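Per-entry structural report
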Amino acid sequence: QYSMKNSLGHAITVVAVIHQPSSQLFRQLQDLLILVDGRTAFQGGASEIIDYSESIGRKIPQFTNPVEHFMENVHVSSENPDESRTGIESICLAWNRSEYAKKVLLRVVDTSDSKKIKLETFVQPKLSQSRQLAVLLMREVIERRRNRFLLLTMLLRTATFNL
């Protein structure tokens, strides 16, 4: 989320999905949400990621893009996928138990409510790979039905190439 002023001086909010933000872009971000398989690994002010990383034992080296370094820690390595997944799991669990997560929840949850809300109640269950594939395939079928012209174009292109 990035607030900025347009040419008329009105504040606008920009929400974007950025897979590999540059250092320059990172410095412009106000709020940051890093998701791994639908689970939160970090959420908060972009400037807080350095302190947060250190608080979970993942110090960011000097002169390193903080988000890039954090993203490397939540990436499944092809060389050692099991160790990567274990590290990712520990990062997501660390987030769920962190003071940073509690601060985010306080912004979301009405604090006047006298009931105590457990942090674990906000963790969404991970979908299996087969279920994720089924959801994506269903989205594709729905998209194809909605855009019949695109479907017709693809069929004609395929028929033309096969001649």
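Residues numbered from 1 in each chain as written. Predicted model: local features only at pLDDT ≥ 70, side-chain atom pairs only at ≥ 80, totals over all residues. Heavy atoms only, no water.

Take the overall build of the chain next. Helix and strand content of the chain: 7 helices and 4 strands. Taken from the N to the C terminus, the helices and strands of the chain come in the order β-β-α-β-β-α-α-α-α-α-α. Of all 163 residues assigned to the chain, the portion counted as buried reaches 22%. Considering only contacts within the chain whose residues lie at least 6 apart along the sequence, 40% involve residues at least 24 apart. Surface summary for the chain: the accessible area is close to 12700 Å², and the carbon and sulfur share equals 55%. (Helix = DSSP H or I, 4+ residues; strand = E, 2+ residues; numbered from the N terminus. Buried < 20%, exposed > 50% of the residue type's maximum accessible area, 1.4 Å probe, protein only. Contact = heavy atoms within 4.5 Å. Areas by Shrake-Rupley, 256 points an atom, 1.4 Å probe, with all protein chains shown as cover.)

Residue placement: Ser98 occurs in the loop between α4 (81-97) and α5 (99-108). Within the structure, the side chain of Ser98 is placed 3.0 Å from the backbone nitrogen of Ala101, a separation counted as a polar contact. (Polar contact = N/O pair within 3.5 Å; in protein donor to acceptor, adjacent residues only side chain to side chain.)

Most of strand β4 (residues 39-45) is tucked away, with 5 of its 7 residues classed as buried. In this structure, the hairpin formed by strand β3 (residues 31-36) and β4 is closed by a connection of 2 residues, where Asp37 is found at a positive phi of approximately 50 degrees. (Pairing = 2+ DSSP bridges.)

Taken as a whole, the chain shows an average pLDDT of 77; of its residues, 80% reach a score of 70 or greater. Mean pLDDT across the secondary structure elements of the chain bottoms out at strand β1 (residues 2-5), with 48, and peaks at α4, with 88. (pLDDT = per-residue confidence, 0-100.)

The terminal C-alpha atoms of α4, which comprises 17 residues, lie 24 Å apart, in line with the 24 Å expected from a rise of 1.5 Å per residue. Within α4 the residues assigned to the buried category are Ser84, Gly87, Ile88, Ile91, Cys92, Trp95 and Asn96. (Expected span 1.5 Å × (residues − 1).)

Turning next to the nonpolar core. One finds Leu32, Ile34, Ala41, Phe42, Phe70 and Val74 to be the most contacted residues of the largest nonpolar core, which totals 20 residues. Looking at this core, the elements that each hand over two or more residues are β3, β4, α2 (49-55), α3 (66-73), α4 and α5. A total of 4 residues in this core trace back to one element, the largest contributor, which is α4. (Core = buried A, V, L, I, M, F, W, Y, C linked by side-chain atoms within 4.5 Å.)

Right, let's get into a nonpolar patch on the surface. Side chains of Met138, Val141 and Ile142 sit close together on the surface and give an oily, nonpolar patch of about 240 Å² of accessible area. Along the chain, the position of Ile142 falls in helix α6 (residues 129-146). A relative accessible area of 33% places Ile142 in the partly exposed class. (Patch = residues over 30% accessible without salt bridge, like charges linked within 9 Å, V, L, I, M, F, W, Y side chains within 5 Å. Salt bridge = Lys/Arg side-chain N within 4 Å of Asp/Glu carboxyl O.)

We now examine the side chain of Arg39. Locating Arg39 in the fold gives a position in strand β4. You can call Arg39 buried: its relative accessible area is 15%. Setting aside its immediate chain neighbours within four residues, Arg39 contacts Ile34, Glu89, Cys92, Leu93 and Asn96.

Phi angles above zero are rare outside glycine, and Asp37 is one such case at about 50 degrees. Structurally, Asp37 is set in the loop between β3 and β4. Of note, the phi angle at Phe63 is positive, near 65 degrees, even though the residue is not glycine. Counting through the fold element by element, Phe63 comes out in the loop between α2 and α3.

Scanning the entire structure with this criterion turns up 6 aromatic pairs. Judged by centre distance (6.4 Å) and plane angle (50 degrees), the rings of Tyr52 and Phe70 are tilted. Here Phe70 lies in helix α3 and Tyr52 lies in helix α2, a separation of 18 residues in the sequence. Ring centres of Tyr52 and Tyr100 lie 5.1 Å apart, and the angle between their planes is 80 degrees; on these two criteria the pair is classed as edge-to-face. Here the residue Tyr52 occupies a position in helix α2, and Tyr100 occupies one in helix α5, the gap between them amounting to 48 residues. One aromatic cluster is present, formed by Phe42, Tyr52, Phe70, Trp95 and Tyr100 through successive ring pairs. (Phe/Tyr/Trp six-rings, centres within 6.5 Å; stacked < 30°, edge-to-face > 60°.)

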